[in-house]
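Each chain, written out:
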Amino acid sequence: CTGITALSAVLDSTNFVISYVADVSVPTVQVNISYPNGGFASTQYTNDGNDITIPVPSNVFGTFSITMSPVCDASTGFIGLATAPVTVDVEEP
């Protein structure tokens, strides 16, 4: 399945704010974040068209890579292809 046509992410204080456009036929989207230290997080959200706000992990600095995937069928775990990555830099204070 497909349906995500736009993705952007910015750092707002201590949060990633992720904006996206997804087709209404996609009920759920999955945000995938690769951390600069090798960590990874993946969380699913209802596709309501609103920005998604995710806290930045404490004491992790560098370039984070963020993608989004359509969740085609949550009951079977069928996830569509991820978008191209967007990067967000978190500088050490």
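Note that the coordinates shown come from a computational prediction; the quantities given were computed from them, not determined experimentally.

This brings us to the pairing of strand 6 (residues 62-73). Pairing between strand 3 (residues 28-34) and strand 6: 7 bridges, direction antiparallel. Bridge pairing in strand 6 places Val29 opposite Pro70. Where strand 6 lies against strand 8 (residues 86-90), 5 bridges are found, and the strand directions are antiparallel. When the bridges of strand 8 are listed, Ser65 appears paired with Thr87. Bridging between strand 6 and strand 7 (residues 78-79) involves 2 bridges; their strand directions are antiparallel. Bridge pairing links Val71 to Ile79 in strand 7. Here strand 6 hands over to strand 7 after 4 residues, with Gly77 in that stretch at a positive phi of 80°.

Let's shift gears to the sheet that holds strand 1 (residues 4-12). Strand order in the open sheet formed by 3 strands is 1-2-5, and the pairing between neighbours is antiparallel. Across the chains shown, the open sheet's two edge strands, defined by having one partner strand only, are strand 1 and strand 5 (52-55). Averaged over neighbouring strand pairs, the angle between their axes works out to 20° when direction is ignored. Examined bridge by bridge, strand 1 and strand 2 (residues 15-22) share 8 bridges and lie antiparallel to one another. Considered in strand 2, the bridge of Ile4 is made with Ala22.

Rules of the game
- Residues numbered from 1 in each chain as written.
- Predicted model: local features only at pLDDT ≥ 70, side-chain atom pairs only at ≥ 80, totals over all residues.
- Heavy atoms only, no water.
- Pairing = 2+ DSSP bridges.
- Helix = DSSP H or I, 4+ residues; strand = E, 2+ residues; numbered from the N terminus.
- Axes fitted to C-alpha atoms, helices over the stretch in contact; angles between N-to-C directions.

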